[in-house]
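# Per-entry structural report
Each chain, written out:
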Amino acid sequence: MITTTSSTAAALRPDFAAIASWIKADSKILDLGCGDGALLKYLQQERHIFGYGVDIDDGNVLSCLKNGINVIQSDLETGLSGFANDAFDYVILSQTLQAMRHTERIIREMLRVGREGIVSFPNFGYWKNRLQVIRGHMPVSEALPYHWYDTPNIHLCTLGDFEDFCQQCDAKILERRVMQQDRQIRFLPNLMGKLAFYRFERQNKSPRLESRD
Amino acid sequence: MQDSNSVGIVTPQFVHIDKPLELKSGSTLNGYHLVYETYGRLNADRSNALLVCHALSGNHHVAGIYADKPKSTGWWDNMVGPGKPIDTDKFFVVGVNNLGGCHGSTGPASLDPSTNHPYGAKFPLVTVEDWVETQAQLAEHLGIAQFAAVVGGSLGGMQALQWTLNYPEKVRHAVVIAAAAKLTAQNIAFNDVARQAILTDQDFYGGDYYAYNTVPRRGLRLARMLGHITYLSDHSMATKFGRDLRDGKFSFGYDVEFEIESYLRYQGDKFSDLFDANSYLLMTKALDYFDPAHAYNGDLTAAFKVAKAGFLVLSFTTDWRFSPERSRDIVKALLKNNINVSYAEITSAHGHDSFLMNDVYYHQLVRAYMNNIEV
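Keep in mind the model is a prediction, meaning the values are calculated, not measured.

## As for the overall build of chain B
- Looking only at helices and strands, one finds 10 helices and 14 strands in chain B.
- By principal-axis analysis of the C-alpha atoms, chain B measures approximately 65 × 50 × 50 Å.
- A separation threshold of at least 6 residues defines the contact pool for chain B, and within that pool the share at least 24 residues apart is 70%.
- Just so you have it, chain B exposes about 16,100 Å², and 51% of that area is on carbon and sulfur atoms.

## Observations concerning empty space enclosed by the protein
Residue and element names in this part refer to chain B.
- As enumerated under the stated definition, the model contains 2 cavities of 30 Å³ or more in all.
- Leu56, Phe190, Asn191, Ala194, Ala223, Leu226, Gly227, Tyr231, Tyr280, Thr284 and Arg321 are the residues that line the largest cavity.
- The set of elements that each furnish at least two residues to the lining of the largest cavity consists of helix H3 (185-199), helix H4 (217-231) and helix H7 (277-289).
- Each residue belonging to the lining of the largest cavity can be placed in one class, and the counts come to 7 nonpolar, 3 polar and 1 charged.
- Considering only enclosed or pocket space, the second largest cavity measures out at about 30 Å³ in volume.
- If you trace the second largest cavity, you find it lined by Val215, Pro216, Arg217, Leu220, Ser272, Phe275 and Ala277.
- Tallied by class, the residues present in the lining of the second largest cavity amount to 5 nonpolar, 1 polar and 1 charged.

## Some words on the interface of chain A and chain B
- If you look at the interface, chain A gives 20 residues, while chain B gives 20 residues.
- With both chains or domains summed, chain A and chain B bury close to 1,600 Å², and 55% of this area falls on carbon and sulfur atoms.
- Of all residues in chain A, the largest losses of buried area upon contact with chain B belong to Leu62, Leu65 and Gln73 of chain A, amounting jointly to 33% of the total for that side.
- Scanning the region where chain A abuts chain B turns up 0 salt bridges.
- At the surface where chain A touches chain B, the tally comes to 12 residue pairs in polar contact (both at pLDDT 80 or more).

## A few points about unusual backbone geometry
- Although it is not a glycine, Asp26 of chain A adopts a positive phi angle of roughly 65 degrees.
- Its place among the elements puts Asp26 of chain A in the loop between helix H2 (14-20) and strand E1 (28-32).
- We classify Asp26 of chain A as exposed; its relative accessible area is 60%.
- Even without a glycine there, the phi angle at Asn116 of chain B is positive, about 65 degrees.
- When you line up the elements, Asn116 of chain B lands in the loop between strand E9 (111-112) and strand E10 (117-118).
- For Asn116 of chain B, a relative accessible area of 56% translates into the label exposed.

## Topic: the packing of aromatic side chains
- A full pass over the atoms with the stated rule returns 27 aromatic pairs over all chains.
- By the ring-pair criterion, three or more aromatic residues cluster together here, those being Phe121, Phe162, Phe165, Tyr198 and Phe200 of chain A.
- Taking the ring centre of Phe88 of chain A as reference, the NZ or CZ of Lys28 of chain A above it sits at 4.6 Å.
- One cation-aromatic arrangement involves Arg224 of chain B over Phe271 of chain B; the distance from NZ or CZ to the ring centre is 4.4 Å.

## A word on a nonpolar patch on the surface
Residue and element names in this part refer to chain A.
- A cluster of nonpolar side chains, namely Trp127, Leu131, Phe187, Leu188 and Met192, defines an oily patch on the protein surface of about 470 Å² accessible area.
- As for its position among the elements, Trp127 is in helix H6 (residues 127-134).
- In this structure Trp127 comes out as partly exposed when scored by relative accessible area, which is 34%.

## Structural notes on the pairing of strand E8 (residues 92-96) of chain B
All names here are of chain B.
- Across the 5 residues of E8, 5 count as buried, placing the element largely inside the fold.
- With burial as the criterion, each face of E8 is covered, one bearing Phe92, Val94 and Val96 and the other bearing Val93 and Gly95.
- Across 4 bridges, strand E4 (residues 32-39) lies against E8 in antiparallel orientation. By the bridge assignment, Thr38 is partnered in E8 with Val94.
- In this structure, strand E5 (residues 49-53) lies alongside E8, joined through 4 bridges in parallel fashion. Bridge pairing in E8 places Leu51 opposite Val94.

## Things to note about the pattern of salt bridges
Residue and element names in this part refer to chain B.
- Overall, the coordinates contain 24 salt bridges over all chains when judged by the stated rule.
- One salt bridge in this structure joins Lys24 and Glu129, with 2.8 Å as the shortest N-O distance. Taken together, the positions of Lys24 in the loop between strand E2 (21-22) and strand E3 (28-29) and Glu129 in helix H1 (residues 128-141) put the pair 105 residues apart, joining distant regions of the chain.
- A relative accessible area of 55% places Lys24 in the exposed class.
- As a salt-bridge pair, Glu345 and Arg328 come within 2.7 Å of each other at their nearest N and O atoms. Highlighted residues: Glu345 in strand E14 (residues 341-346) and Arg328 in helix H9 (residues 324-336), separated in sequence by 17 residues.

## Regarding the layout of surface pockets
- Approximately 1,400 Å³ is the volume found for the largest pocket.
- Contributing to the lining of the largest pocket are 45 residues, with Ser57, Trp75, Arg224, Lys270 and Leu274 of chain B lying nearest its centre.
- When residues of the lining of the largest pocket are traced back to their parent elements, those giving at least two are H3, H4, helix H5 (234-240) and helix H6 (259-274) of chain B.
- Empty space within the second largest pocket amounts to approximately 630 Å³.
- Forming the boundary of the second largest pocket are 27 residues, of which Gly33, Asp55, Ser94, Gln95 and Thr96 of chain A lie nearest the centre.
- Here the lining of the second largest pocket is composed, by residue class, of 12 nonpolar, 8 polar and 7 charged.

## Re the side chain of Arg202 of chain A
Residues and elements named next belong to chain A.
- Counting through the fold element by element, Arg202 comes out in strand E8 (residues 195-202).
- Overall, the relative accessible area of 4% leaves Arg202 in the buried class.
- Side-chain polar atoms of Arg202 contact the side chain of Asp86, separated by 3.0 Å.

## Things to note about the nonpolar core
- Judged by nonpolar contacts, the single largest core of 169 residues is most densely connected at Ile107 and Phe162 of chain A together with Phe311 of chain B.
- Apart from residues lying up to four places away in sequence, Phe311 of chain B is in contact with Leu161, Thr164, Ala174, Val176, Phe304, Leu334, Ile339, Asn340, Val341, Ser342 and Tyr369 of chain B.
- With 7 residues, the next largest nonpolar core counts Met225, Met237, Phe241 and Tyr263 of chain B among its residues.

## Describing the pairing of E14 of chain B
Residues and elements named next belong to chain B.
- Across the 6 residues of E14, 5 count as buried, placing the element largely inside the fold.
- Relative to E14, strand E13 (residues 310-316) runs parallel, the two sharing 6 bridges. Note on E14: the bridge partner recorded for Phe311 is Val341.
- You can see the chain leave E13, run along H9 and come back into E14, and the turn it takes is right-handed.

The rules behind the values
Residues numbered from 1 in each chain as written. Chains lettered and ligands numbered in written order. Predicted model: local features only at pLDDT ≥ 70, side-chain atom pairs only at ≥ 80, totals over all residues. Heavy atoms only, no water. Helix = DSSP H or I, 4+ residues; strand = E, 2+ residues; numbered from the N terminus. Contact = heavy atoms within 4.5 Å. Areas by Shrake-Rupley, 256 points an atom, 1.4 Å probe, with all protein chains shown as cover. 1 Å grid on protein atoms, 1.4 Å probe; cavity = no way out; pocket = protein on both sides within 12 Å on 5 of 7 lines; lining within 4 Å. Points joined across faces, edges and corners; volume = space filled by probe spheres on them. Nonpolar A, V, L, I, M, F, W, Y, C, P; charged D, E, K, R; others polar. Buried area = accessible area lost by both parts, 1.4 Å probe. Salt bridge = Lys/Arg side-chain N within 4 Å of Asp/Glu carboxyl O. Polar contact = N/O pair within 3.5 Å; in protein donor to acceptor, adjacent residues only side chain to side chain. Buried < 20%, exposed > 50% of the residue type's maximum accessible area, 1.4 Å probe, protein only. Phe/Tyr/Trp six-rings, centres within 6.5 Å; stacked < 30°, edge-to-face > 60°. Lys NZ or Arg CZ within 6 Å of the ring centre and 35° of its normal. Patch = residues over 30% accessible without salt bridge, like charges linked within 9 Å, V, L, I, M, F, W, Y side chains within 5 Å. Pairing = 2+ DSSP bridges. Core = buried A, V, L, I, M, F, W, Y, C linked by side-chain atoms within 4.5 Å. Right-handed = clockwise from strand over helix to strand, strands pointing away.

Okay, structure coming up:
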């Protein structure tokens, strides 16, 4: 049987490896905007997790089924009302936040259904992005491969922006990792980092009422 | 016409189950016949059996054609066959006519051995749970200890759900399409209007019309016409018929004028020639009674606690008879039980009937799920 080995996947997707490093073995995971289920499959292999993906796109839902990944076809913009409070150890939103309209609601929903949230997004403060703006253009790069007129990314932010936003959403940041390709960036992360990862939990850990939306 | 990847010519088979069946209603049937068909081969491990459960008006003839009837293509022939989403090269597929039906399994029109007359009104009401029991008897007869999957749409989906509750060890996967964990009041209301059409037909004779050599044709016809409206979407009716007139102008009378009238009357006529009114009544009641959460104070999550199967739940956007919301109820209960489940909401214009249609995405999903079932 031909399969992509985990080590190959980690090399191809350093962001997967970064997320996996935060996930405890045998935990229960919800992956929002799961695409073809590759992250969940990787986490199953690396961390023996049990989980579900959520995606709205027909092609992605079909790919998940082909990959043998549990997937729920649903629109994240309408919230996570199909999921119970505290149902998951981790709720992951991998490179999807910047394309969502209801940004605050999804963060709050993640914290309702999960004990911890993990978010990754392209750092708009990355120096190459800044340089392109200074030169008078919206950034187009590997992490932001769209033009201003065709981008699905409507809520781009910097590390600083996101950290302020977490406070506003009552999310307590537990850990941050900033990456440039497969390298971790510790020096001037908001300038040098291309991808940002955050792990967070509820500020006030008392259980929340189930969402009504 | 037979397509190239049809299962080909098929022959129904019969089994008599001699074991008394205690029904949920409290009645007992001492024995009964089941008519069934099978496609593909049961493998040496007996691990590739797949049961297809039928909906209100379906039967055991799921795929293929009968040698003597070239137009007798099975009701789910687009789904089941060699190389089709439910691939008979991989699975040993079983279709069975439900108890109480009118296509060969014991039902109200069958002869009651104790009187040698049709059961008629004496035939007990049966439930989805009862059907699962009879299907389990058939499985035993066929030497199937566990189904790789139980698959069904609408009322058939309810049976697939019930299988995972009655026999959690005997079903590895359930594919539940355009179904619900219980009917809504509106849905029961539609069923009751259909029943009233039959019950108030003067040829019904309290269900014993067989003795009078007649059938409550008008009632059954109306019931079917009403049902048919609810299986289509507003959009699909508008697209297919619109306000088209058969003769191109109004005739200012009550004969058929609009194409939709012609269509519905035709469907009603065809159905009332083929279906037994008592079976129709009984099937609609089975739909109404289905509610696995009832025994758990309405808690569907508690009801599904025993389930072990993996699930594929599918709904169609324009299905207002079994809306996506009802499928999401099922999914929510499964998620709360940490059960392997996938759910897709298929964009389709065809309403409830979508589950019988040839939609590309729909068939891709079923195929993908089926491909990952180990046999």
